[in-house]
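Next come the chains, spelled out residue by residue.
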Amino acid sequence: MPPAFVESASPVTLVGGAAVAPGALEQALEIAPFLVAADGGGEQALAAGYRPRAVIGDMDSLPQALADTLDPQTILAIAEQDSTDFDKALRHTNAPLILAVGFTGGRIDHELAMLNSLVRQPAGHVVVIGADDLLFHAPRQFTIALAPGTRVSFFPLMSVTGRSDGLRWPIEGIAFAPGGRIGTSNEMAGDRLRWTFDGDGMLAILPRAQLRSVVAALLA
């Protein structure tokens, strides 16, 4: 397999072309200063005063005048239209963790496509940061320290069952499925959450304020 266009031994921040919640890009860059843009996300990065180290996409959204200010060697143009720029960027970035901003709150079809790409990534590989929440493809086994009362939601994109320790409403015995039972608005009963799922396809959703805790647990 050829090397990825972006190779990083540390976490990467990926910025997209949808609205970036105030402070979200800076919050991600504090943890993952290696900045990559997905096509039009390059315009958002430059407008915020950050120069991406790579831009990946079909290049139909980044204005040519801005593209001309970047080193051509940092741009990967992919002409195919069968995948989104988010998917293209993920396929060509090799990093232990990717923090993605600018992929929520815009067009609903784009957001649904993002979730489709997210759940096809290895679990725990990408954290998507929105205005209020963050979400990630839940690893089958996961442990995280959270304060009592912290909101924890699950949303299945595949049929999956699991067990939990630390939630106010345990999930054991629930058959989660898209179009069926979901798990929004659970909350912490203690200060440590452990879960086990029998397969992939579950999205975990937590308040954005828990980003550092989530990153630490995913990298542990």
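Residues numbered from 1 in each chain as written. Predicted model: local features only at pLDDT ≥ 70, side-chain atom pairs only at ≥ 80, totals over all residues. Heavy atoms only, no water.

**Q** Even after reading the chapter, I still don't get unusual backbone geometry, so can you show me in this structure?
**A** Trans peptide bonds make up most of the peptide bonds, and negative phi angles are found at most residues other than glycine. The phi angle at Asp-39 is positive, at roughly 50°, despite the residue not being glycine. Mapped onto the elements of the fold, Asp-39 is located in the loop between β3 (34-38) and α2 (41-47). For Asp-39, a relative accessible area of 0% translates into the label buried. Positive phi values are uncommon outside glycine, yet Ser-185 reaches one of about 60°. (Helix = DSSP H or I, 4+ residues; strand = E, 2+ residues; numbered from the N terminus. Buried < 20%, exposed > 50% of the residue type's maximum accessible area, 1.4 Å probe, protein only.)

**Q** Please explain the pattern of salt bridges as it appears in this structure.
**A** Once their charged atoms are close, side chains differing in charge can pair, the charge on each being opposite to the other. Tallied over the full model, the rule gives 10 salt bridges. We note a salt bridge from Asp-133 to Arg-151, for which the minimum N-O separation is 2.7 Å. Residue Asp-133 is found in strand β9 (residues 133-137), and its partner Arg-151 is found in strand β11 (residues 151-156); the two are separated by 18 residues along the sequence. Here Arg-168 makes a salt bridge to Glu-187, at a shortest N to O gap of 3.5 Å. With Arg-168 in the loop between β12 (162-165) and β13 (183-187) and Glu-187 in strand β13, this pair connects stretches of sequence that are 19 residues apart. The network of salt bridges with shared partners includes Glu-80, Asp-87, Lys-88, Arg-91 and Arg-120. (Salt bridge = Lys/Arg side-chain N within 4 Å of Asp/Glu carboxyl O.)

**Q** What is the right way to read the pairing of strand β8 (residues 126-129) from this model?
**A** Regular strands place their side chains on alternate faces of the sheet. Here β8 shows no split at all, with Val-126 and Val-128 on one side and Val-127 and Ile-129 on the other all buried. Summarising the sheet, strand β7 (residues 98-101) and β8 pair through 4 bridges and their orientation is parallel. When the sheet's bridge partners are listed, Leu-99 is paired in β8 with Val-127. Traced from β7 through helix α5 (residues 108-120) to β8, the parallel crossover comes out right-handed. What sits between the antiparallel neighbours β8 and β9 is a turn of 3 residues. (Pairing = 2+ DSSP bridges. Right-handed = clockwise from strand over helix to strand, strands pointing away.)

**Q** For this particular structure, what's the right way to read the packing of aromatic side chains?
**A** Two descriptors summarise a pair of aromatic rings, namely the distance from one centre to the other and the angle between the planes of the rings. Enumeration over the complete set of coordinates arrives at 7 aromatic pairs. Arranged with centres 4.7 Å apart and planes meeting at 35°, the rings of Phe-142 and Trp-195 form a pair that is tilted. Of this pair, Phe-142 sits in strand β10 (residues 141-145) while Trp-195 sits in strand β14 (residues 192-197), placing them 53 residues apart in sequence. On the numbers, 5.2 Å between centres and 85° between planes, the contact of Phe-154 with Trp-195 is edge-to-face. A residue pair is termed long-range when its members are at least 10 positions apart, and Phe-154 in strand β11 and Trp-195 in strand β14 qualify at 41 residues. According to the relative accessible area criterion, Phe-154 is buried, its value standing at 1%. In this structure an aromatic cluster arises from ring pairing among Phe-136, Phe-142, Phe-154, Trp-195 and Phe-197. The ring of Phe-34 carries the charged tip of Arg-53 above its face, separated from the ring centre by 3.8 Å. (Phe/Tyr/Trp six-rings, centres within 6.5 Å; stacked < 30°, edge-to-face > 60°. Lys NZ or Arg CZ within 6 Å of the ring centre and 35° of its normal.)

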